[in-house]
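# Breakdown of the fold
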Amino acid sequence: MIEIKGLSKSYKQKKVLDISSLEIPKGQSFGLVGNNGAGKTTLFSLLLDLIQPTTGQVLNNDVPVQSSESWKSFTSAFIDESFLIGYLTPEEYFYFIGELRNQNKADVDRLLSGFEDFFNGEILGVKKYLRDLSKGNQKKVGIVATLIGSPEVIILDEPFANLDPTTQIRLKKILKTLQEERETTVLISSHDLMHVTEVCERIVVLEKGEIVKDIKTNPQTLRELETFFSGEILNVEA
Amino acid sequence: MLKLFLTLQWKSFIRSASFNKNLVFKILMGFAALYFIAVFSIMGAASYHIIEDQLQRNPLEVINEILIFYLVADLVMRYLLQKMPVVNIKPLLPLPFSKSRIVHFSLWKTVLSFFNIIHAFFFIPFTIVLLVEGYPPVQALAWLAMVAFLIYANNFINVFLNDVDAIFYTVLLIVAALGLLTFYGIVDISVYTAPAFMAVYEQPLWLIIPALICLSLYVIAFRYFKARLYLDAGLSAKQKEVHSEDLSWLDRFGSLSVFLKNDIKLIKRNKRSRTTVLMSLAFIFYGLLFFTGGIEVYEGPVWRIFAGLFVTGGFLFSFGQFVPSWDSSYYPLMMSQNIRYRDYLNSKWWLIVIATILTTVIASFYLYWGLEVYLAIVVSAIYNIGVNAHIVLWGGAYVKTPIDLTSNKKAFGDKQAFNAKTLLLTLPKLLLPLGLYAAGHYTQGPDLGYIFVALAGVLGFVFKEKVFDIITRVYKTEKYKTLHAYKQKN
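Please read all numbers here as calculations on a predicted model, not as lab measurements. (Residues numbered from 1 in each chain as written. Chains lettered and ligands numbered in written order. Predicted model: local features only at pLDDT ≥ 70, side-chain atom pairs only at ≥ 80, totals over all residues.)

On to the interface of chain A and chain B, then. Facing the 26 residues of chain A at the interface are 24 residues of chain B. Per element, the largest residue contribution to the side of chain A that touches chain B is five residues, and it comes from helix α2 (residues 90-100) of chain A. Here the side of chain A that touches chain B is built from residues that sort into 13 nonpolar, five polar and eight charged. (Contact = placed C-beta atoms within 7 Å. Helix = DSSP H or I, 4+ residues; strand = E, 2+ residues; numbered from the N terminus. Nonpolar A, V, L, I, M, F, W, Y, C, P; charged D, E, K, R; others polar.)

The next thing to look at is the packing of helix α16 (residues 341-362) of chain B against helix α20 (residues 464-487) of chain B. Axis angle and axis distance: for two packed helices, these are the angle between their axes and the distance between the axes, and together they describe the pair. Residue and element names in this part refer to chain B. The geometry of α16 relative to α20 is characterised by a closest axis approach of 10 Å and an angle of 115° between their N-to-C directions. Compared by their axis directions, α16 and α20 come out roughly perpendicular. As for how α16 packs across α20, the hand of that crossing is right-handed. Here α16 contributes Y341, R342 and L345 to the contact with α20, which in turn contributes F468, I471, T472, Y475 and K476. Residue composition of the contact of α16 with α20, grouped by class: five nonpolar, one polar and two charged. (Axes fitted to C-alpha atoms, helices over the stretch in contact; angles between N-to-C directions. Parallel < 35°, antiparallel > 145°, perpendicular 65-115°, else oblique. Left-handed = near helix turned anticlockwise from the far one by under 90°.)

What follows is about the environment of T356 of chain B. Residues and elements named next belong to chain B. For T356, the location among the structural elements is in helix α16. Residue T356 is classed as buried on the basis of its C-beta count, with 23 C-beta atoms lying within 10 Å. Linking T356 and L371, residues 15 residues apart in sequence, is a C-alpha distance of 19 Å. In this structure, T356 is in contact with T312, G313, F315, L316, A381, N384 and I385, ignoring residues within four places of it in sequence. (Buried ≥ 20, exposed ≤ 12 C-beta atoms within 10 Å, placed from the backbone.)

Let us look at the pairing of strand β7 (residues 153-157) of chain A. Residue and element names in this part refer to chain A. Across the five residues of β7, five count as buried, placing the element largely inside the fold. A two-sided burial pattern is seen for β7, the buried positions comprising V153, I155 and D157 on one face and I154 and L156 on the other. Pairing geometry for strand β6 (residues 75-78) and β7, over four bridges, is parallel. When the sheet's bridge partners are listed, A77 is paired in β7 with I155. Here five bridges tie β7 to strand β8 (residues 185-189), and the two strands are oriented parallel to one another. From the neighbouring strand, V153 faces β8, where its bridge partner is T185. (Pairing = 2+ DSSP bridges.)

The omega angle of the peptide bond from V323 of chain B to P324 of chain B is 5°, so this bond is cis rather than trans. Its identity as a non-glycine residue notwithstanding, N61 of chain A has a phi of 55°, on the positive side. In this structure, N61 of chain A sits in the loop between β4 (55-60) and β5 (63-64). Judged by the 16 C-beta atoms lying within 10 Å of it, N61 of chain A falls in the partly exposed class. A positive phi angle is found at N162 of chain A, which is not glycine, with a value near 70°. The residue N162 of chain A is located in the loop between β7 and α6 (165-181) in this model.

This is the structure:
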């Protein structure tokens, strides 16, 4: 589904991302972990053509992301608050995204009705603009909005951050359902190794812009990742 | 302690994003400031003689009559534009400062605000002229002090007025009604206020009253502010209950309707955009300067078109030139969603067209000054729709200043106004139609001039799709730079 070839991004000769090749097949749930500055958000921004690569290209369903725009119709993403429109109410925002993805109000309502649990009564009908919601609730809106119109690729940057424990568990359930249906390719980045090993079948570790690990998730994965990240710290100290 | 506050303030000033912009901008800003200072000073100094010559009355009396309206206008301006610097206060709260100190400091900081200082440039020259003309110094200075006290009274009223929209609008309504009544000579409130102001001049001891008013307003503002120095009170943004809006009647615009609906909400729900639209309404009256013959230099025939462009182009110039910055806070969303640039731009274009047509209809009161005058306005409207709407959207591609929708700061004079490319684009916006009209006017007469300008507008309209192709391409090439720039929040 997603194919990355010789992709790199440099700022003033400093390479922040350098991936010679990476392929993510359709339906895979893909986890991206790495410390701050490892290049996770840079990679996602490149996938969404929000920044220009220094070299290489990204193919999304065989569409070259940097030159065509037709990938937009089957891809959705939530990176940060800049994907929300602050002066809309949550409902208006969902309908707005729905209209962009050719879903009428009834379609959107049907989808939303499945997330009443997830919203926990704090999103729909609260009579507030998005900018006045708490960070966690904003995130809930952003995440659910990416599901509108059954996209084939969903990109979520740090979806677990700022969520309360109950919501984290519910989000994991949602992501697992997507994984079981095998229709949607889900890309997630996270600092939380436990969550990411639970919901992703494949985990890639980025360090200083390069892929240092590419693991098919198994019962030992969490342990392996923990050793890797703590080992890193030990190495620095040594 | 005060020194610490002051250094904080100084740093926040010199390190602010807008100040760090290029040197050219700083110089231009400096010139702009000097220009306003000069204009005010000259007005202050010259108004004495102008009033004396034109009205054959005592200038001080005339100023006293106007003063009440001047003060009200000042208050309205402040309400719309001057903000209390609450944001900077939050980090100070947990530090060992007494709350009173923080509040005193914040209030005193407003004393130095531009909104207060600017008046000095009018009233001080005016008072100097009074002294030169032989008015008794003590009395004239007492009068000046009174004006200063009243200006500062306004300053402190604004501190608590800022919070209560309802009160503000009622006051505004009452004052507007009184103003109209005065204008039509039915009731004249200045009959009551002018003698009060005059009394201070005649008996300087009365100065105690405005001084007390100012002082007590300071105390009220202080108490009001201090009582609200909590994160969930005065320092929090107000939250009103809001309702979702349908606006499905706009669906007839087809694929455009998605954006049109959004743009209308954008304008309605954000302070910055509301202010802009209100300002654009003020443009409608700009033509009065030209068509009533108030100012001699504007008598030349070419100026009719100039006036017409502004009368009908208020929305175009004030809202249009900031496209796409209005969407800056969620530009990454717009760029990764299933959106066609053409639809997005088309929606903005329609907004501009609708607003231009509306203002042209409202401006029909210019018919009072003759058909010729209104014709100039209609022709300019055609040019605005046909040509300027495109140019403004085109220029927008180079505009890279993010807009903070929720704050009114910098509603005037964003640095982008001095962007070299947008500056260049003002040539076809203003000079070309003036040139076209002049060409027609001086070869045959006003009619040919009007035809030329209107023809240019119609041509622009005919080639709209072609022009939109070019604009869309420009937006695409500028996309990454724009995204990057919008990330730099102030």
